[in-house]
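# Structural overview
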Amino acid sequence: MRILLLGSGGREHAFAWKLSQSLRCKKLFIAPGNAGTNTLGTNLHFVATDFEAVKNCCIEEKIDLLIVGPEEPLVKGIVDFFKNEDQLKNLCIIGPDKFGAQLEGSKAFSKKFMQRNNIPTAAYKEFTSENFNEGIEYLQNHNLPIVLKADGLAAGKGVVICENRLEAIDEFSAMIKNEKFGDASKKVVVEEFLKGIELSVFVLTDGKNYVLLPEAKDYKRIGEKDSGLNTGGMGAVSPVLFADELFMQKVKEKIINPTIAGLKNEKIDYRGFIFFGLIKIEDEPFVIEYNCRMGDPETEVVLPRLKNDLVELLMATSNQQLDKITVEVDERAAATVVAVSGGYPGEYKKGIPIFGMNEVNSADSILFHSGTKLKDDQPQTDGGRVLCVTSYGKSITDAVEKSKSVLQKINYEGMYYRKDIGYEFE
Ligand code: AMP
Ligand code: GLY
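Residues numbered from 1 in each chain as written. Chains lettered and ligands numbered in written order. Predicted model: local features only at pLDDT ≥ 70, side-chain atom pairs only at ≥ 80, totals over all residues. Heavy atoms only, no water.

## Here's the deal with the pairing of strand β7 (residues 146-150)
Note the following rule: We call a residue buried when its accessible area falls under 20% of the maximum for its residue type, exposed when it is over 50%, and partly exposed in between, using a 1.4 Å probe and counting protein chains only. Helix numbers and strand numbers start at the N terminus; a helix is a DSSP run of H or I with at least 4 residues, a strand a run of E with at least 2. Any two strands with at least two DSSP bridges between them are considered paired.
In terms of burial, β7 is a largely internal element, 5 of the 5 residues being buried. Burial of the side chains of β7 extends over both faces: Ile146, Leu148 and Ala150 are buried on one face and Val147 and Lys149 on the other. Pairing between β7 and strand β8 (residues 159-162): 4 bridges, direction antiparallel. Along β8, the bridge assignment pairs Val147 with Ile161. Summarising the sheet, β7 and strand β9 (residues 188-192) pair through 5 bridges and their orientation is antiparallel. In the sheet register, Leu148 faces β9, and the bridge partner there is Val190.

## Description of the site of ligand 1
Counted only if it meets this: Nearness is judged by heavy atoms alone; a residue qualifies as near a molecule or strand once a single heavy atom is within 4 Å of it. Any N or O atom pair separated by 3.5 Å or less is treated as a polar contact, with the protein-specific requirement of one donor-capable and one acceptor-capable atom, and with residues adjacent in sequence counted only for side-chain atom pairs. To measure how exposed things are, a 1.4 Å probe is used in the Shrake-Rupley method; for residues, cover is taken only from the protein chains shown. Three residue categories are used. Nonpolar comprises Ala, Val, Leu, Ile, Met, Phe, Trp, Tyr, Cys and Pro, charged comprises Asp, Glu, Lys and Arg, and polar comprises the others, including Gly.
Taken together, the neighbourhood of ligand 1 is formed by 13 residues, with Glu191, Glu192, Leu194, Glu198 and Glu289 sitting nearest. Within the side chain of Lys107, one N or O atom sits 3.0 Å away from an oxygen atom of ligand 1. Backbone polar atom of Glu192 to a nitrogen atom of ligand 1: 3.0 Å apart, as the coordinates give it. Here ligand 1 has 480 Å² of accessible area as a free molecule, and 86% of this is covered by the chains. Elements supplying a minimum of two residues to the shell around ligand 1: β7, β8, β9 and β17 (284-291). Residue classes in the shell around ligand 1 are distributed as 6 nonpolar, no polar and 7 charged.

## Notes on the pattern of salt bridges
Threshold: We define a salt bridge as a side-chain nitrogen of Lys or Arg found within 4 Å of a carboxyl oxygen belonging to Asp or Glu.
Overall, the coordinates contain 34 salt bridges when judged by the stated rule. One salt bridge connects Glu289 with Lys107, and the closest N-O pair in it is separated by 3.6 Å. Taken as a pair, Glu289 in strand β17 and Lys107 in helix α6 (residues 107-116) lie far apart in primary sequence, 182 residues in all. A relative accessible area of 22% places Glu289 in the partly exposed class. Here Lys186 and Asp183 are joined by a salt bridge, their closest N and O atoms 3.2 Å apart. A relative accessible area of 39% places Lys186 in the partly exposed class. With relative accessibility at 59%, the residue Asp183 sits in the exposed group. Ionic contacts of the salt-bridge type, sharing partners, join the residues Asp330, Arg332, Asp364, Lys394, Asp398 and Lys402 into one network.

## Brief notes about a nonpolar patch on the surface
Worth spelling out the cut-off: What goes into a patch is any residue over 30% in relative accessible area without a salt bridge, connected to like charges within 9 Å or, for nonpolar side chains (Val, Leu, Ile, Met, Phe, Trp, Tyr), within 5 Å.
On the surface, a cluster of nonpolar side chains totalling about 230 Å² of accessible area is made up of Val159, Ile161 and Phe193. Its location among the elements puts Val159 in strand β8. A relative accessible area of 40% means that Val159 is categorised as partly exposed.

## Here's the deal with unusual backbone geometry
The omega torsion of the bond from Ala31 to Pro32 falls at -5°, within 30 degrees of zero and hence cis. The topology assignment puts Pro32 in strand β2 (residues 27-32). Here the amide bond leading from Leu144 into Pro145 is cis, since omega sits at -15°, within 30 degrees of zero. Mapped onto the secondary structure, Pro145 falls in the loop between α7 (132-140) and β7. In this structure, Gln320 is a non-glycine residue whose phi angle is positive, near 55°. Mapped onto the fold, Gln320 is located in the loop between α11 (310-318) and β18 (333-340). Owing to a relative accessible area of 23%, Gln320 belongs among the partly exposed residues under this scheme. One non-glycine residue, Asp377, lies in the positive phi region at around 70°. Along the polypeptide, Asp377 turns up in the loop between β20 (372-375) and β21 (378-381). Looking at Asp377, the relative accessible area reads 71%, which means it is exposed.

## Side note on the site of ligand 2
By nearness alone, every residue bordering ligand 2 is listed as Asp218, Gly232, Phe275, Arg293, Gly295, Asp296 and Glu298. Between Asp218 and ligand 2, the recorded distance is 2.8 Å, taken from a side-chain N or O atom to a nitrogen atom. In this structure, an oxygen atom belonging to ligand 2 sits 3.0 Å away from a main-chain N or O atom of Asp296. Relative to its free-state accessible area of 200 Å², ligand 2 is covered by the protein chains to the extent of 86%. Residues that form the shell around ligand 2 fall into these classes: 1 nonpolar, 2 polar and 4 charged.

## A closer look at the side chain of Gln380
Definition in use: The contact criterion used is simple: two residues touch if any of their non-hydrogen atoms lie within 4.5 Å.
Positionally, Gln380 belongs in strand β21. With sequence-adjacent residues up to four places away left out, Gln380 is seen in contact with Gly351, Ile352, Pro353, Ile354, Gly371, Thr372, Lys373 and Lys375.

## Quick notes on the environment of Met234
Note that Met234 resides in the loop between β14 (227-230) and β15 (235-238). Classification of Met234 as buried rests on a relative accessible area of 0%. Note: C-alpha distance between Met234 and Gly158 (76 residues apart in sequence) is 19 Å. Sequence-distant contacts of Met234, defined by excluding residues within four places in its chain, comprise Tyr219, Lys220, Arg221, Ile222, Val337, Val338, Val340, Tyr344, Tyr416, Arg418 and Ile421.

## Here we look at the packing of helix α1 (residues 10-19) against α11
Rules: Think of each axis as a best-fit line through the C-alpha atoms, taken over the contacting stretch in the case of a helix, with angles from 0 to 180 degrees between the N-to-C directions. By the definition adopted for this analysis, an angle is roughly parallel if under 35 degrees, roughly antiparallel if over 145, roughly perpendicular if from 65 to 115, and oblique otherwise.
Between α1 and α11, the shortest axis-to-axis distance is 8 Å and the interhelical angle comes to 100°. Put simply, α1 runs roughly perpendicular to α11. Taking contact as the criterion, the partners of Phe15, Lys18 and Leu19 in α1 are, on α11, Leu310, Val311 and Leu314. Residues belonging to the contact of α1 with α11 are distributed by class as follows: 5 nonpolar, no polar and 1 charged.

Just distances and angles here, no functional claims.
Right, dumping it as structure tokens:
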């Protein structure tokens, strides 16, 4: 099987790592990839949203399976683009079409979908410039804090939690009137604040059946004990100890099953990953958001715990044969710790040489690149999140300790990572 993987982060390095272990993977291309993916396949020099370049590559390289890592190409309709190409009708693509990708691409769409299908989520209302004044009145009577969400994709910045009504009104106006997030904030979802503990649950669905993948918890804030600014993710652990059997049963019954049934009833042809961003309040699960792809850095702990052949799983997804698959999970815990550039998530420099990566030779640890590139065979930083180390362990704490000891051997100017990933599980 000839495979093309789109994306360039730690998630894609983890995908490339897992795909390249499959006997069915004959040739692996990654576009654009990073210095890590290049050791497992061939990096190509185009970006995932350049559909023409993706198409030409699929034709020239006789690609059988296309895996879309990030959300943007899905939300922009890469699956639909390929469905309309005669030459590529038989290509298997992992990811929903444009309509299905609205589960992530439009907060208003996903909230309505949840409402129609009785899926537990925060109460909400949506507003545009048309009912702007009604929105202001709604905010004036809303309980605090107030959650404002730009409807469309906003590079992870579109959710603002406001502690008082004045701030909420200012933010609401900036989003709708000043188009703070461009077209993405022409519509705004105003949502009730949910207080609880978050976790990420992943399924692969073929539109009829689904398989549950290991759950994970990510750590979004830059500072220890979840303080400071939001980031793309500073670490992740799996399993999530508070997601016990009883709780996961509720997740299936109240959230996953009605979501899959809803997709089927609404004739949404969804063959790909669904990432449920959940919150546990007392013992009940609620959906904070859907994503139409895997999480980053969650993938870096989920795939290492997955024992199945990933190519087989993805082919079963594309062929609607997931009912024939049983997912097997490594019993060990896995944790990943992300090292970032100095200054991230604010301004940071790129092109800083990274040393010590060849020192990683522990059987229990895997180094994944996130934002790196090679210059004259020397790896350099090329993003905010630079690399992450995933380790297996007897416990979450054990796995985190192993990752931290590997990170001590790596250095680059400005390197920073959180030392407290998994702190609640000590
Ligand atoms: P999102 O960009 O949708 O992933 O949201 C970013 C983060 O905002 C989530 O991971 C939550 O921590 C937080 N969040 C979103 N919606 C709510 C809500 N209704 N109540 C509390 N926190 C929320
Ligand atoms: N780790 C959260 C995300 O991938 O959106």
